[in-house]
Amino acid sequence: MIAQSGEEALRLALKNDFAVILLDVRMPGIDGFETARLIRSRERSSQTPVIFLTAAADEMASMFRGYEVGAVDYLMKPVVPEVLKSKVAVFVELHRKSERLRESEDKLRRLAAHLISIREEERAHIAREIHDELGQVLTGLKMEVGWLAKRLTSEELIEKTDSMGKLIDSTVQTVRKIATGLRPEMLDDMGLIAAVGWQAKEFQKRTGIRCRVKLPPEVKLDIDVSTTMFRIFQEILTNVARHSRATRVDIELKVAVEQVALDVADNGVGISDGDMSGKKSLGLLGMHERALLFGGDVRISGSAGHGTRVSVSIPLRGKA
Amino acid sequence: MKVIIADDHPVVRQGLRQMLAAESDFSVVGEAKNGQEVVELSRRVPWEVAVLDYNMPGKNGLELIKELRQRYPGRAVLILSMYPEDRYAVRALKAGAAGYLTKESAPEELVSAIRKVAGGGRYVTPTLGEKLALELEDNRGKPLHETLSDREYQVMWMIASGKTVRQIADELFLSPNTVSTHRTRILRKMNMKSNAELMHYAIAHHLVD
């Protein structure tokens, strides 16, 4: 595409993605430098390479200025077509490659999102099946055994039905534990706020790490946002238990009109930058990806001896 | 005593029916398998006590309790649930249920629970009763374990979980001496003499599983 002036170039750059932009330094109105600066200040065209065309050698002095505003090259006029062609070809190829990279990143992200949501659905489904079907049958069985026990007179047989009853009870407990582990029914019945409180209590019971929890009054939140927040919370706690050597965790959940925010701080050894970028940080990556799905954000900060703080925020799209 | 029973699972309804059939002064006047059916049934037949599953398809448990309480303030709703009472019972009672029992405890407790709520009383299991009592106690003053520091709390939890001083020292990267010092301080702060006493306290206050 061809523009006759800086203004026109800007207009075109607003509406189109270019592999490379050739700019004359001297143009009527806005000059080439200013045009390049404006073009690169836009999100859409911030990475677009700019090649400046200059008429005279004295303008070489301003080359630095050109590089500052994002020039990748300079060409002297008169332009040799072969040179121009091969330079442009390089950038066109680069553009095509980065485009392809972006596409495949996008695909991977969508795939990850899909996998997360499938896994969540599957877990919920299995939890419901196990809990409802298996649990109810066991309940029925317990009642039958109870009925039988009432009609027995032999002490030996009554002892048997008693131990059957106990076995059924412990099986029900196991079923409940499995189902809750897959997906806590609290999340669906009572919502995120109650579920976070419950999870913190369970965590303290399981690890001996004391939790101080600050929760807002209960409100109904979007179930997908709730699930996302809850899973991130679980991942944070898993990390605390595994790596932090903390004796205490402070948890705060805040719900505002536009977003829900979770802040978890421990008093452990503190996460290092190496931990965050290391190969073992897949869990952290998972948290980021989950949050990103809903336009949210996870920030992790830590310093040796001062514990780790994880702050998560997820916007609520007017669904609160 | 006229009783309605509601549960979406036939096996459970059958079990309930059988249990109640053994009592000569009870009669099951109707059965429902979801919230909507309960509402219709409650209008159609005369009843005194409704025994409801907390989680049926359609209306959720709390809504159903509220609706029945509003229409029939003098009659009792007893909740029967697969879910542990520590998480759900208080909510159900607040919503107006006269009692809450888990399905596991039904064979032993159901009949006496129905009699109790039919007489205008409230029914909670002894376990829940104890828990509510403890909470009241805790509200009056700081519970003993809250006087411990975070580290002491952790050591207390480990002792209560049955770990030895050696194991605790290894897990926390502390010397056995330090752990012993913590232990002495914990026992003093909590006014106790032995690990066994500590364990008992931790279980009673649901600090360990």
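Residues numbered from 1 in each chain as written. Chains lettered and ligands numbered in written order. Predicted model: local features only at pLDDT ≥ 70, side-chain atom pairs only at ≥ 80, totals over all residues.

Caption draft 1: Region of the structure containing the overall build of chain A. Scanning chain A for helices and strands turns up ten helices and eight strands. Expected size for 320 residues packed as a compact globule is a radius of gyration near 20 Å; at 31 Å, chain A overshoots this value by more than 25%. Evaluated residue by residue, chain A yields a buried proportion of 29% over its 320 residues. Restricting to contacts in chain A with at least 6 residues of sequence separation, those with at least 24 account for 64%. (Helix = DSSP H or I, 4+ residues; strand = E, 2+ residues; numbered from the N terminus. Rg over C-alpha atoms; globule rule 2.2 N^0.38 Å. Buried ≥ 20, exposed ≤ 12 C-beta atoms within 10 Å, placed from the backbone. Contact = placed C-beta atoms within 7 Å.)

Caption draft 2: A look at the pairing of strand 8 (residues 308-315) of chain A. Residue and element names in this part refer to chain A. Side chains Thr308, Val310, Val312 and Ile314 project from strand 8 onto a buried face, and the interleaved Arg309, Ser311, Ser313 and Pro315 project onto a face without burial. Note: strand 6 (residues 259-266) against strand 8, seven bridges, orientation antiparallel. Across the sheet, residue Gln259 finds its bridge partner in strand 8, namely Pro315. One ladder, built from six bridges, connects strand 7 (residues 297-302) with strand 8; its direction is antiparallel. Its bridge partner lying in strand 8, Gly302 is registered against Thr308. Linking two consecutive strands that pair antiparallel, namely strand 7 and strand 8, is a turn of five residues; a positive phi of about 85 degrees is found at Gly305 within it. (Pairing = 2+ DSSP bridges.)

Caption draft 3: Geometry of the environment of A:Leu215. Residue and element names in this part refer to chain A. In this structure, Leu215 sits in the loop between strand 4 (210-214) and helix 8 (223-244). By the C-beta count within 10 Å, which is 16 here, Leu215 ends up partly exposed. Sequence-wise, Leu215 and Ile193 are 22 residues apart; in three dimensions their C-alpha atoms are separated by 6.7 Å. Beyond its immediate stretch of four places on either side in the chain, Leu215 contacts Ile193, Val196, Gly197 and Leu253.

Caption draft 4: Fine view of the nonpolar core. Membership of the largest hydrophobic core comes to 41 residues, with the highest contact counts inside it found for B:Ala50, B:Val51, B:Val77 and B:Leu78. Elements represented by at least two residues in this core include exactly strand 1 (2-6), helix 1 (10-21), strand 3 (49-53), helix 3 (61-71), strand 4 (76-81), helix 4 (85-94), strand 5 (99-102) and helix 5 (106-118) of chain B. Once you skip the residues sitting within four places of it in the chain, B:Leu78 turns out to touch B:Val49, B:Ala50, B:Val51, B:Ala97, B:Ala98, B:Gly99, B:Ala113, B:Ile114, B:Val117 and B:Tyr123. The next biggest cluster of nonpolar side chains, apart from the first, holds 35 residues, and it includes A:Met186, A:Val225, A:Leu237 and A:Val249. (Core = buried A, V, L, I, M, F, W, Y, C linked by C-beta atoms within 7 Å.)

Caption draft 5: View of the sheet that holds strand 2 (residues 50-54) of chain A. Residue and element names in this part refer to chain A. With parallel pairing, the three strands of this open sheet are ordered in space as 1-2-3. Of all strands in the sheet, those bounded by a partner on one side alone are strand 1 (21-24) and strand 3 (71-76). Here the average twist between neighbouring strands, direction ignored, is 25 degrees. For strand 1 and strand 2, the ladder comprises four bridges, and the chain directions are parallel. Paired with Asp24 across the two strands is Leu53, which belongs to strand 2. (Axes fitted to C-alpha atoms, helices over the stretch in contact; angles between N-to-C directions.)

Caption draft 6: How the structure looks around the interface of chain B and chain A. Contacts between chain B and chain A engage 25 residues on the former and 23 residues on the latter. Within the residue set of the side of chain B that touches chain A, elements represented by two or more residues are helix 1, helix 5 and helix 7 (150-160) of chain B. When the residues that make up the side of chain B that touches chain A are grouped by side-chain class, the tally is 13 nonpolar, six polar and six charged. (Nonpolar A, V, L, I, M, F, W, Y, C, P; charged D, E, K, R; others polar.)

Caption draft 7: Examining the domain arrangement of chain A more closely. If you check the domain split of chain A, you get domain 1 (6-79), domain 2 (108-182) and domain 3 (186-315). Taken together, the four residues of domain 2 of chain A in the interface contact four residues of domain 3 of chain A. (Domains from an automatic or database assignment.)

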